[in-house]
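Survey of secondary and tertiary structure
Here are the chains, one letter per residue:
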Amino acid sequence: MGVLGEKDDFSTGMPVGKVSSREISQAEEGVLASEQDSELHRALKARHITMIAIGGAIGTGLLIGTGEALAKAGPAAILISYSFVGFIVYLVMCGLGEMASWLPLPSGFTGYAIRFCDPALGFAMGWTYWFKYIIITPNQLTAGAMVIQYWIDADRVNPGVWITVFLVLIIAINYFGVSFFGEFEFWLSSFKIVVICGLILLSFILMLGGGPDHDRKGFRYWKEPGAFNTYIQHENKAAGRFYAFWATMVSATFAYLGTELVGVTVGEAQNPRRTIPRAIKLTFYRIVFFYVISVLLVGTLVPYDSKDLAFAKEQNTGASASPFVVAIKLAGIPALPHILNACILVFVFSAANSDLYIATRTIYGLAKEGKAPRILARTDRRGVPVYALILCALFACLAYMNVSSDSKEVFGYFVDLVTIFGLLTWISLLVTHIYFVRARKAQQVPESDLAYKAPFGIAGSYGALAFCILISFTKSYDCFTRNEDWGTFDYKTFITAYLGIPLYLILIFGYKIATRCKGVIPHEADLWTGKDIIDREEAEYLARKAEHEEQHGNASWFYRVFVSWLF
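Residues numbered from 1 in each chain as written. Predicted model: local features only at pLDDT ≥ 70, side-chain atom pairs only at ≥ 80, totals over all residues. Heavy atoms only, no water.

A short note on the environment of Thr259
To keep things clear, this is the line we draw: Each helix is a run of H or I in the DSSP string that is no shorter than four residues. Each strand is a run of E no shorter than two, and both are numbered from the N terminus.
Topologically, Thr259 is positioned in the loop between helix 12 (249-256) and helix 13 (260-266). It is 8.3 Å that separates the C-alpha atoms of Thr259 and Met93, two residues lying 166 residues apart in sequence.

See below:
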């Protein structure tokens, strides 16, 4: 999981062009290609990396997935589930931050797993991450078709038309080269952040009665129809409300997928000893600001039984996929629902574009390591891995399931698939952090030597790991209770919800059998190779920065004080 555009893999991440002596063996990592026609170009700047990572974490899950969760469980349930999963994500980020600040490897996720835990875990993590992104891309295209149905019903224009338009555009943008892609995504991500901040402010104003209807809603909808919906008509109402709450774990987890990209990109940051701890601390505030507050406000503005929700059991014509659009519509603001729906369409398009990029670079990195067909590592003169792009674009065609099925149903299947792959990635990260702490203690590395220590330590990772495993196995329990009738089995949801688990285990044990690799013993874990290089680069960076500030003054204080806490 290296820096975007650098000569390494963004998501699975083995470096392309520099490998330390003990970091990997050929048996563990494959043979790195050296052909000139298989190199990426260093064309993305720091501002591109930062904004792509932030924008990637704010998208379909927050603006559309919350609508499904609200209709399913009610406002209080989604507030609890999004807060709970947000805390788990924070624990994952803390574990990642502790490892990344100690040794900011360009190989990221897989590099830490290979060094501290087991090469097989690194292999499985790389492929699992690719699975996640080849599924999330058609999911974004499906979401785009749903958003357009606010204006044009599927009976008038087949969703396949819009999917084709979006697919052609994102393939073209990815094909034009990383420099064009980076600049395009920088402005789209900037636009997304401005819109979501404005949306939070508007929602707060509407809650206090500042809309055209001057209706001070407050927490009215928490009383009627209620704070909790009964998802399954169970004779025990309390149990029914709990089932509804737990069913929203899928939506909550889906909303946070991509948050780990922030920690991954700063893993290659300049001055990592300071940048990484700061980024991890700011992750907590971003979770609270962008997710928890948004979910709280939209739950006060839209009742869970609103017929304007596209995910409601009974819905009006032109129902919106986003509860934020419904909130503005219910407040009686003319034209703004259409404007916001158009903004959400831009959000979805941006997410699909960046997801296709990550999927392409992920399989490219696997091919560079010898873990995928070598043809996928070939690039053109602009540094674009064209064969990898073609393969990932073919998987994006799964979005055409919309042509024969309902968009909401297809969206739900994709969310289930993406969520399980995302949870498996978090589980792998938490296991890796636990092994890192064990190795650090076994080799008697004092905590005072750490640039950043996870505030909850190894106990936090154990707790988050337990809940991630629990959510993985139980998040889609409702596939056994289709149509609110206990005992009815929904095999489609079951397959999409749990397919990732056997695939993950097959990858781990298959790799171990094929390579006969062994797990890393804590006393032998490589905590040091490359650390001296990082320390030296950091010292040089600090010297250059001090010289620059002496010559030009500290001109970035405004950004750091007033803006950077959001980013």
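Notes on the environment of Cys197
Short version of the rule: Residue exposure (1.4 Å probe, protein chains only): buried if accessible area is under 20% of the type maximum, exposed if over 50%, otherwise partly exposed.
Residue position: Cys197 is located in helix 9 (residues 178-207). When its relative accessible area of 22% is taken as the criterion, Cys197 is described as partly exposed. In sequence terms Cys197 and Phe290 are 93 residues apart; their C-alpha atoms lie 7.8 Å from each other.

Considering helix 21 (residues 500-515)
Applicable threshold: By this rule, a helix spans an expected 1.5 Å times one less than how many residues it contains. Think of the arc as the fan of directions from the helix axis to the C-beta atoms.
The terminal C-alpha atoms of helix 21 lie 22 Å apart, and with 16 residues this matches the ideal 22 Å at 1.5 Å per residue to within 8%. Those residues of helix 21 not exposed but buried are Gly500, Ile501, Tyr504, Leu507, Ile508 and Tyr511. The arc enclosing the buried residues of helix 21, seen along the axis, measures out at 135°, which places them on a common side. Opposite the buried face of helix 21, at more than 90 degrees from it, the exposed residues are Ile506, Phe509, Ile513 and Ala514. The first or second residue beyond helix 21 is Arg516, which carries a positive phi of 55°.

With respect to the packing of helix 7 (residues 119-148) against helix 8 (residues 159-175)
In plain terms, the rule: Between N-to-C directions, angles span 0 to 180 degrees; the directions come from axes that are lines fitted to C-alpha atoms, helices contributing only their stretch in contact. What sets the label is the angle itself: under 35 degrees gives roughly parallel, over 145 gives roughly antiparallel, 65 to 115 gives roughly perpendicular, and the rest give oblique. Note on convention: the crossing is left-handed when the near helix lies turned anticlockwise from the far helix by less than a right angle, right-handed when the turn is clockwise. Any pair of residues with heavy atoms lying within 4.5 Å of one another is described as a contacting pair. Under the scheme applied, nonpolar residues are Ala, Val, Leu, Ile, Met, Phe, Trp, Tyr, Cys and Pro; charged residues are Asp, Glu, Lys and Arg; polar residues are all the others, including Gly.
Contact geometry of helix 7 with helix 8 gives a least axis separation of 9 Å together with a crossing angle of 130°. With respect to each other, helix 7 and helix 8 are oriented oblique. For the pair helix 7 and helix 8, the sense of crossing is right-handed. Here Thr137, Leu141, Gly144, Ala145 and Ile148 of helix 7 come into contact with helix 8, specifically with Pro159, Trp162, Ile163, Phe166, Leu167 and Ile170. Residues that form the contact of helix 7 with helix 8 fall into these classes: 9 nonpolar, 2 polar and no charged.

Side note on the packing of aromatic side chains
Rules: By convention, a stacked pair of Phe, Tyr or Trp rings (six-membered ring in the case of Trp) has centres within 6.5 Å and planes under 30 degrees apart, an edge-to-face pair has planes over 60 apart, and any other such pair is tilted.
For the structure on display, the rule yields 25 aromatic pairs. Geometrically, the ring pair formed by Tyr82 and Tyr256 is tilted, given 6.4 Å between the ring centres and 50° between the ring planes. Of the two residues, Tyr82 sits in helix 5 (residues 75-102) while Tyr256 sits in helix 12, which places them 174 residues apart along the sequence. Accessibility classification places Tyr82 together with Tyr256 in one group, the buried group. With a centroid separation of 5.4 Å and 50° between ring planes, the pair formed by Phe494 and Tyr498 is classed as tilted. One end of the pair, Phe494, and the other, Tyr498, are both in helix 20 (residues 491-498), 4 residues apart, so they sit about a helical turn from each other. Residue Phe494 is classed as partly exposed on the basis of its relative accessible area of 33%. The exposure class of Tyr498 is buried, given its relative accessible area of 12%.

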